[in-house]
Each structure stands twice: as structure tokens, then as C-alpha cells.
Amino acid sequence: MQRMSKRLRNSEVCADCSVPEPRWASVNRGVLVCDECCSVHRSLGRHSSQVRHLTHTPWPPTQLQMVQTLYSNGANSIWEHSLLDPASVMSGKRKANPQDKLHPNKTEFIKAKYQMLAFVHHMPCREDDSFTAKDLSKQLHSSVRTGNLETCLRLLSLGAQANFFHPEKGNTPLHVAAKAGQVSQAELLAVYGADPGAPDSSGKAPVDYARQAGHHDLADRLVEIQYELTDRLAFYLCGRKPDHKNGQHFIVPQMADSSLDLSELAKAAKKKLQSLSNHLFEELAMDVYDEVDRRETDAVWLATQNHSTLVTETTVVPFLPVNPEYSSTRNQGRQKLARFNAHEFATLVIDILSDAKRRQQGNSIASPKDSVDLILKSVGVRHGSEGQDNDQPDYDSVASDEDTDQEQPSSKGDRTKSLDSDLSDGPITMQEFLEVKNALSASEAKIQQLMKVNNNLSDELRLMQKKTERGAFVTTSSSLPSFPSTLSWSKDESAQKASKLDKQGSMPDSDYDNTFNDSEMDDSGLCRRGRLRSSGWLGEGSSIPELDDLELESDPTLPSTEDVIRKTEQITKNIQELLRAAQENKHDSFIPCSERIHVAVTEMAALFPKKPRSETVRGSLRLLTSSAYRLQSECRKAVPPEGGPSPDMQLVTQQVIQCAYDIAKAAKQLVTITTKENNN
């Protein structure tokens, strides 16, 4: 797999601007892109482009092979069809080139290419046109038995349905690909939402077709695809995936401090999650999957970027981009997931895994009828081309205005992936030893990445100090969507009883209260007033406060920028020591390191007034001090009491690293705010 990735980088160019040796792939578009263009792809959302790093992201080998085949066979020409016409040159149309600026040149081109599908060859719109979606789907059904991947991608881009049920043949394209042993075709169909558990007219699934034809590796891969959502959530928390070959289909990790997470708030939130209908639970699980992908891709993004400069055009994606197929309510709920700190988000993920397992096994706590046949939609369903169904139901029963024009009737069966009820959970096997070993290696790699980012913080602080001395501090801005004050999934009374999952953690609600008035929202859900300086932090805690909020008053009692920078450097130095201890497995150093960090944080907080007028300052101080307390609590778990059970050091280390990041992020916010205010 590594050799393949290296060959891809050495021989290919970015599909969007032709820069050599692209390091990222857009899985559903079948193209390779450079770092700059990837930043735009990420901002579009996974419904437009699913990006993965060629070497720093774990790939299913057959999926990487599928992308390689598509790109080497000219899949990019599908998305740039009209640009290949000589007439387009005469009309002034052209693709971006390496010399173009990222904003606006490359950004506008990429949005036109993948969001608007401006250069795709569209079929003529006539009433007697024979190329209807049904005809395209029939063509797809017959094409997947061959190895011609780019033909199938072209059909999917034009509106062919991956879950099309052929009325004469009595099965779907995935059944055909599975029987023919076309692994890459199966991967492509899965990316566009094909359901490995969909039955044919005789009740057989594609997995059965593959096994009967002797394609056992493909059958195993189809089972993995079937459980992709829950597998990825488990891997995010503990670095392990279930052993599907031996009948184990769920791993539900436990929090190291699960005994402490028994607040009435947490219990109420879990009850509400369990009382959700299967349909709403599926949607929530899909949204949490997207948030996991955002956080993991952010980690890879930051580890592979050059952070030598404070201000860059390409930054992390601070929350899930708006999906126009979803209502405003659902989009706001999805975005608010970014505000969960590491502990809160891990709690939510564990609750979802636990409830998914309960529902799949039929252990109903509510209406038996509602829980008999759980259908977990595959994450690929909503990531296909814009030609696919776009009638995904919203969390609220009343669609928002912008959604009404997009509703199209389709079968729910075409948009879901079922979990085989005959696949039961099984015992953990010795094979997991190797998985744990790999997870530990991944954890060490992550620690190294985090140390690199913290080292870059020191460089950035020194740069800021120099610029402050010259009075030339520079920031950039980007518009931010507004967040709701609560994570309310539904407007109808029955669903409201099963909503507001933003209270998963024990943090005060005020820590995340950062809302705007309706008048400040435009039709796209973007806040016209709030502005944010581009940031390069991996932190997963509260969202970064708006820095140019017009309602915020300048606080005359804010400390000098030099004092804040000096304290931040002290915090950073202590965080580096902590990360070094984590890297070297010196767990007994956790507590003294956390105490030094706590002292430095207390000293920094003392610089600020007890009740600052600015909400941005209050929010950053809350994140700073609460994260320092949480860090001390996590570090104490590394030293178990005499005779007590040994802690899960991998999980403890993960939580310690996340707390350290939240502290570093809050400190950086305070440096930025004070610099801005003192320069005004």
C-alpha cells in the first residue's frame, strides 16, 4: 500500500491545479489533489468531497486501489468534460494552475467543478429523452460486471443510482459486482451509498453472492463496509476494530472514569438517546461519524502542514460544513458537535456505540416494533454525487424553506444500509493483541505530531511578539456559521423529548453559549457579523470565539500582550515536557507536569480581571482553567491506588493529550484577543 501511494505521488499531478506530487485523494471523485486544493475540498463538506491523505490516513487497500485506477484512467475528465472542448478556451474558461492564488482563483474553480458540477457533461433535458435516471441506472447495473470503473463513475455522476433495484433482474448493481468479483466496482458503489445488506428478489444479499462465487475476500470487505460507521467510531476511541471474521461486530469502549460520569444530566441524556426512533438515531450516528472524520482529518492535516508562519490561507475546518440537503436545524446540530470537548464527545460516541449494539440485537427498551429491524445508514449514502437522492429526512419534521425545492420522492430502501441480524457479537480473540500493538504505535505517532504542533506554537508566539513590538500584528478572517444555543434535533413535541444531546458532558452550558440573533444570519446559514482569525490548532474543545464581534466592548483592564505571551510561553514549555513524558511512557511524570501547567495557567488567569466584560475573554479563560483542572484529574489516573486495577494507559494518554491541546488553544486565543485589543 505504501509503495502504491509513493508511486501515485511521484507520477501524478493535482487534478485541480496541476501541482506535482499531490498528497491527498478525493475518494468519491476519484482524483488526487494537493494540500492547497485539499483545504478547499474539506471546506465543501464530505457530501461534496471525501478526502483522505495518501500516507497518513489508514486505507482499506482495495479502496486505495480503486482511487488509483480511477485517476490513472482519467476520472478527472468526468469533472472537467467541457473544459476539454477547444471552444471553452475561446470563451475564457480554464482550469486553475499552480501560479493562481488559492483565494479566489483556485477556490472558485474547485467549487464550480465539484459543487456546481459546472463542467460535467449533462444529458439534454427533453421530455422524450431516453437517458432518464432509470436508464442510467440500468446501464450501471450492466457495467459493474466489467472492470471499467470510469464508465461507472461517469454514470453515477449523471444520476445513476447505486442502490437501483433492477425490476427484471431482481437485484442491485452491488449484487452483480459481488457475483463477478469486481472488488473496485464494489468499492465505488459503496462510496456512492450501495447497501451490502440489501436483499435481492430471493432474499440474498451481495455478501451471499460473493461467498457463493468464491470471492471470500470481497465478502469480508462487504461485511466491513456494512459496519463501517460503528467500526470507525470504535477505532476513533480505542484504536481497535471488531473481528468480523470471528463474529464480533461491535466494540464498546469504556471511559477510564466511567464511575464518575453518572451525573443526572448524563443519565438523562443517555435516556433521551435511547428513546430516539431508529430513524433519528441513524441520522445522529451519521452526523457523529462526520464529526469523527473532521477531527481525525484535522489531526492529519495539522501534522502534515508547515506551521512556521502564524497566518496561512489553508487552515483546519472548525466544524462540519453546511450540507444543503439538510435542514437548518440539523446543520446547526451537526456544527455544534465541534463544541464537545474530548471527554464529552467520547461519552457521546460510547453511548451511540452501546445503543447501536442494543438496537441491532433487538434489546428494546421502548416500542418493540420500532427496534426490531435497525437500519444504520452507511456514511457513503449522503456522500455521492449531486445527482443522487437529496430527500434525506431532517431532524425536524417541518422542512425549512430552503429544503422544499429540493425534495424528490425516492424509496427509503435506496438510502439505507441494513445490519445483518444473523451476524452476532462474539468474544474477543488473540488477534486483538496485534491490533492493540498497532494502536499503540499510532498513539505514539500522534504524540509526535502533537509535540510538533506545540513546538510550532513557540515559534508562532515569538513571531507574534516581534510583530507586536513593531505594531504590525496581522490576522485573517473567515465567516463562521452561527451555532444554536442548544442541540435540538427536532421541533415536534415527541422528538423534543429525545433531543438536546449537547448536555452529554458535565461542563457548564455557559462554556458553549455563543449564539447570534436570527437577524445576523443570511440564507446560507453564515453569520455576517462574526469573524474568526484563521487558526492552526488541533484542539477539539469549544469553538473559537469570534474576534471581531461588534457588540464586544474593548476592555481597558486587559493585561499587556507581552505579559500574556510570556505566560503562554511558560505554559507551552510545560506542555512540551508533558508530551515528551507521554511519548517516552514516563507516566509517573504526568502528575508533576500537570501541576506545573496548573500553576502556569493560574498565573496567566490572574493577569485578567475577575469579571472581564468581553464574552470572548470569559470563554477563553473558562476553557483554559477548566482544561487545567481536567488535566490534573486525568493525570492522577495514571497512578492507580495500591491494590487497585491498572488503568487503560492508552485512553488516559489520549485524554491527557487532548486536555493539553485545549489549554494550548485557549492560551493562543487569549494572546490573539489581547494583541488585537491592545493594538486598537
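What counts and how
Residues numbered from 1 in each chain as written. Predicted model: local features only at pLDDT ≥ 70, side-chain atom pairs only at ≥ 80, totals over all residues. Heavy atoms only, no water. Helix = DSSP H or I, 4+ residues; strand = E, 2+ residues; numbered from the N terminus. Buried < 20%, exposed > 50% of the residue type's maximum accessible area, 1.4 Å probe, protein only. Core = buried A, V, L, I, M, F, W, Y, C linked by side-chain atoms within 4.5 Å. Contact = heavy atoms within 4.5 Å. Polar contact = N/O pair within 3.5 Å; in protein donor to acceptor, adjacent residues only side chain to side chain. Phe/Tyr/Trp six-rings, centres within 6.5 Å; stacked < 30°, edge-to-face > 60°. Lys NZ or Arg CZ within 6 Å of the ring centre and 35° of its normal. pLDDT = per-residue confidence, 0-100. 1 Å grid on protein atoms, 1.4 Å probe; cavity = no way out; pocket = protein on both sides within 12 Å on 5 of 7 lines; lining within 4 Å. Points joined across faces, edges and corners; volume = space filled by probe spheres on them. Nonpolar A, V, L, I, M, F, W, Y, C, P; charged D, E, K, R; others polar. Axes fitted to C-alpha atoms, helices over the stretch in contact; angles between N-to-C directions. Parallel < 35°, antiparallel > 145°, perpendicular 65-115°, else oblique. Left-handed = near helix turned anticlockwise from the far one by under 90°. Pairing = 2+ DSSP bridges. Expected span 1.5 Å × (residues − 1). Disulfide = S-S within 2.5 Å.

Between histidine 103 and proline 104 the backbone carries a cis peptide bond, its omega angle lying at 5 degrees. For proline 104, the position within the fold is in helix 6 (residues 102-115). Of note, the phi angle at glutamate 21 is positive, near 55 degrees, even though the residue is not glycine. Its identity is not glycine, yet asparagine 585 carries a phi of approximately 60 degrees, on the positive side. Overall, asparagine 585 belongs to the partly exposed group, its relative accessible area being 47%.

With that settled, the discussion passes to the nonpolar core. Counting 99 residues, the largest nonpolar core has Trp79, Leu188, Leu222, Val288 and Ile352 as its most contacted members. Element by element, the count of residues in this core is highest for helix 15 (residues 278-304), at eleven residues. Ignoring anything within four residues of it in the chain, the contact list for leucine 222 reads Leu174, Ala178, Ala186, Pro196, Pro206, Val207 and Ala210. One finds Ile571, Cys593, Ala667 and Leu670 within the second-largest nonpolar core, a separate group that totals 38 residues.

So, on to the side chain of threonine 616. As for its position among the elements, threonine 616 is in helix 23 (residues 615-636). When its relative accessible area of 8% is taken as the criterion, threonine 616 is described as buried. Within the structure, threonine 616 has its side chain in polar contact with the side chain of serine 614 (distance 2.6 Å).

On to the packing of aromatic side chains, then. Evaluated as defined, the whole model comprises five aromatic pairs. Ring geometry for tyrosine 227 versus phenylalanine 250: centroids 5.9 Å apart, planes at 90 degrees, classification edge-to-face. Of this pair, tyrosine 227 sits in the loop between helix 12 (216-226) and helix 13 (228-238) while phenylalanine 250 sits in the loop between helix 13 and helix 14 (264-275), and the two are 23 residues apart along the sequence. In terms of burial, tyrosine 227 and phenylalanine 250 fall into one category: buried. Looking at arginine 52, its charged tip hangs above the ring of tryptophan 59, at a distance of 5.0 Å from the centre. Over the face of the ring belonging to tyrosine 326 we find arginine 330, whose NZ or CZ atom lies 3.7 Å from the ring centre.

Looking at the protein, pLDDT values average 74 and 65% of them are 70 or higher. Note on residues 469-554: pLDDT is under 50 here. Beyond four places in sequence and across chains, it has 226 contacts.

What the rule picks out here adds up to eight cavities of 30 Å³ or more. Looking at the largest cavity, its volume works out to about 120 Å³. In terms of lining residues, the largest cavity is bounded by Arg42, Gly45, Arg46, Ser49, Val51, Asp290, Asp293, Arg294, Thr297, Val317, Leu320 and Pro321. The dominant element in the lining of the largest cavity, judged by the number of residues it contributes, is helix 15, at four residues. Class assignment of the residues belonging to the lining of the largest cavity gives a composition of four nonpolar, three polar and five charged.

Moving on, we come to the packing of helix 22 (residues 590-606) against helix 23. Packing of helix 22 against helix 23 brings their axes to within 9 Å, and their N-to-C directions diverge by 165 degrees. Accordingly, the angle class assigned to the pair helix 22 and helix 23 is roughly antiparallel. The handedness of the crossing between helix 22 and helix 23 comes out as left-handed. Residues Phe590, Ile591, Ser594, Glu595, Ile597, His598, Val601, Met604 and Ala605 of helix 22 form the contact with helix 23, whose participating residues are Leu621, Leu624, Thr625, Ala628, Tyr629, Leu631, Gln632, Cys635 and Arg636.

The next subject is the environment of valine 349. For valine 349, the position within the fold is in helix 17 (residues 342-360). Sequence separation between valine 349 and leucine 237 is 112 residues; the distance between their C-alpha atoms is 8.2 Å.

Turning to the sheet that holds strand 2 (residues 31-33), a few remarks are in order. The three strands lie next to each other as 2-1-3, forming an open sheet whose pairing is antiparallel. With partners counted over all chains shown, the strands left at the sheet margins are strand 2 and strand 3 (51-53), one partner each. Neighbouring strand axes in the sheet, compared pairwise and without regard to direction, differ in orientation by 35 degrees on average. Note that strand 1 (residues 24-26) and strand 3 share three bridges and pair antiparallel. Considered in strand 3, the bridge of serine 26 is made with valine 51.

Close contact between helix 8 (residues 149-158) and helix 10 (residues 183-191) brings their axes to 10 Å; oriented N to C, the two are set at 20 degrees. Here helix 10 runs roughly parallel to helix 8, going by the angle between their axes. In this structure, helix 8 meets helix 10 at a crossing whose hand is right-handed. Of the residues in helix 10, those in contact with Leu149, Cys152, Leu153 and Leu156 of helix 8 are Ser184, Gln185 and Leu188. Within the contact of helix 8 with helix 10, the residues separate by chemical class into five nonpolar, two polar and no charged.

Given 3.6 residues per helical turn, the α-helix brings residues three or four places apart onto the same face. Between its first and last C-alpha, helix 3 (residues 61-72) extends 16 Å over twelve residues, near the 16 Å set by a 1.5 Å rise per residue. Here helix 3 has its buried residues at Gln63, Leu64, Met66, Val67, Gln68, Thr69, Leu70 and Tyr71. Taken from the residues just after helix 3, glycine 74 is the one with a positive phi, measuring 85 degrees.

This part is about the state of the cysteines. With the rule as written, the count across this model stands at zero disulfides. Between cysteine 14, a cysteine without a disulfide, and cysteine 37, which holds the nearest cysteine sulfur, the sulfur-to-sulfur distance is 3.7 Å. Here cysteine 659 stays free of any disulfide, with the sulfur of cysteine 635 as its closest cysteine sulfur at 7.7 Å.

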